[in-house]
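Now for the letters of each chain:
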Amino acid sequence: MRLSEKRGSMLHGVLLITLFSCAAFYIGDTAIMKKLSLSPLIIGVFLGMLYANSLRNRLPETWVPGIKFCTKQILRAGIVLYGFRLTLTEVAEVGTPAVMVDAIIVAGTIFLGVWLGKLLKMDGDTALMTSTGSAICGAAAVLGAEPVVKCEGHKTAIAVSTVVIFGTLSMFLYPIMYRLGLLDELGNTGVAIYTGSTLHEVAHVAGAGNAMDPTDALGIAGKATITKMIRVMMLAPVLVIMSFALAKSKGKGKSGGKGKITIPWFAFGFIGIICLNSLLQYLLGVDSVKEIPLNGTIEYIDTFMLTMAMTALGADTSIEKFKQVGAKPFVLAGLLYIWLIVGGYMITDYFTA
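Keep in mind the model is a prediction, meaning the values are calculated, not measured. (Residues numbered from 1 in each chain as written. Predicted model: local features only at pLDDT ≥ 70, side-chain atom pairs only at ≥ 80, totals over all residues. Heavy atoms only, no water.)

Topic: the packing of helix α7 (residues 124–135) against helix α17 (residues 328–352)
Taken N-terminus to C-terminus, the directions of α7 and α17 make an angle of 35 degrees; their axes are 10 Å apart at the nearest point. Crossing geometry of α7 relative to α17 is assigned as right-handed. Between α7 and α17, the contacting residues are T126, A127, T130, S131 and S134 on the first element and P329, L332, A333, L336 and L340 on the second. Considered class by class, the residues forming the contact of α7 with α17 number six nonpolar, four polar and no charged. (Axes fitted to C-alpha atoms, helices over the stretch in contact; angles between N-to-C directions. Helix = DSSP H or I, 4+ residues; strand = E, 2+ residues; numbered from the N terminus. Left-handed = near helix turned anticlockwise from the far one by under 90°. Contact = heavy atoms within 4.5 Å. Nonpolar A, V, L, I, M, F, W, Y, C, P; charged D, E, K, R; others polar.)

As for helix α4 (residues 64–81)
Over its 18 residues, α4 extends 25 Å from the first C-alpha to the last, a length consistent with the 26 Å expected when each residue adds 1.5 Å. Along α4, the helix axis deviates most sharply at I74, where the bend reaches about 35 degrees. Buried residues of α4: V64, G66, I67, C70, T71, I74, L75, G78 and I79, and no others. (Expected span 1.5 Å × (residues − 1). Bend = angle between axes of the 7 residues up to and from the residue. Buried < 20%, exposed > 50% of the residue type's maximum accessible area, 1.4 Å probe, protein only.)

Describing the packing of aromatic side chains
Applying the stated criterion across every chain yields a total of seven aromatic pairs. Here F20 and Y51 contribute two aromatic rings whose centre-to-centre distance is 5.6 Å and whose plane-to-plane angle is 50 degrees, an arrangement assigned as tilted. Note that F20 is positioned in helix α1 (residues 3–28) and Y51 in helix α3 (residues 40–52), a separation of 31 residues in sequence. Where Y350 meets F351, the ring centres are 5.1 Å apart and the plane angle is 85 degrees; that geometry is what we call edge-to-face. Take Y350: its relative accessible area is 64%, and that puts it in the exposed class. Taken together, the aromatic side chains of F25, Y300 and F304 make up a single cluster linked through ring pairs. (Phe/Tyr/Trp six-rings, centres within 6.5 Å; stacked < 30°, edge-to-face > 60°.)

Thoughts on the environment of F172
You can see F172 is positioned in helix α9 (residues 153–179). Of the residues examined, F172 reaches a relative accessible area of 43% and is grouped as partly exposed.

Fair warning: the whole summary comes from geometry, so function is off the table for now.
In structure tokens form, the structure reads like this:
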């Protein structure tokens, strides 16, 4: 096949994913999806899975490279641009307790997840991806880890599915716990840190925070979101450490040889964008990243790019692949969910007492 024909075929695949992503944005803008706090990313992965189990075999295989392009290059660019949502100033606003709780939750969830995965005799990549999604920022963390772990697309989609299920459950559970007085001992700041450090997605944190404190008069909604953003910032160092750890473990599996280290350069780009955003906030003298010129536009473009990546990953996930993996990823995610609720409460109580 000539180069021009290859590019044309790849473009067809990209356009297909773009159309699905537009549909995800349209569906995500409906009242019921907003009420459920289901972002276009999550809707995109389900649309992709719908395509994988219906039309996938009827379309030319030459379109596949375009779909793969969305899961690689567009994904990494989207993770870099995700940094425009964050600033270093946000860390200072909630103080050391939030940083400490976030760090312990992130590290503890990943290590516990990998250990439990071995006990459950799970595939190592699936266990690591599921643990990373629960530990940091849901779907965005799973997407960030995918280029480092280099696992099959359906494993990534399964990890995202676990985040959707338990994260959505938390969004309703936490406000109920708050109304019943089960979180009273933590105080308002503690509740905010607990919510931000243990819920899966940013949307889940925002939904739960607003349900508990609709006007942010108690500072719960705002501080919960900031705590969550600090947790998102930890994605970059985690990916770097993960790269070295995976290289070492895979090297041991090759008769003591050295494994190839995959440097997640996009993670450094992510950090660089956060620093740039912090500088812009300082130079412009604005209180929020939302007030930085073009920030809203960049965030919209970034969300669309990540939605394309999620949709493309979903397009590689058939029911047969779900059956091959079995129920173990959901069992693991459930156990990690219990850890986040119980362990997260005790850790937050210790640092905010």
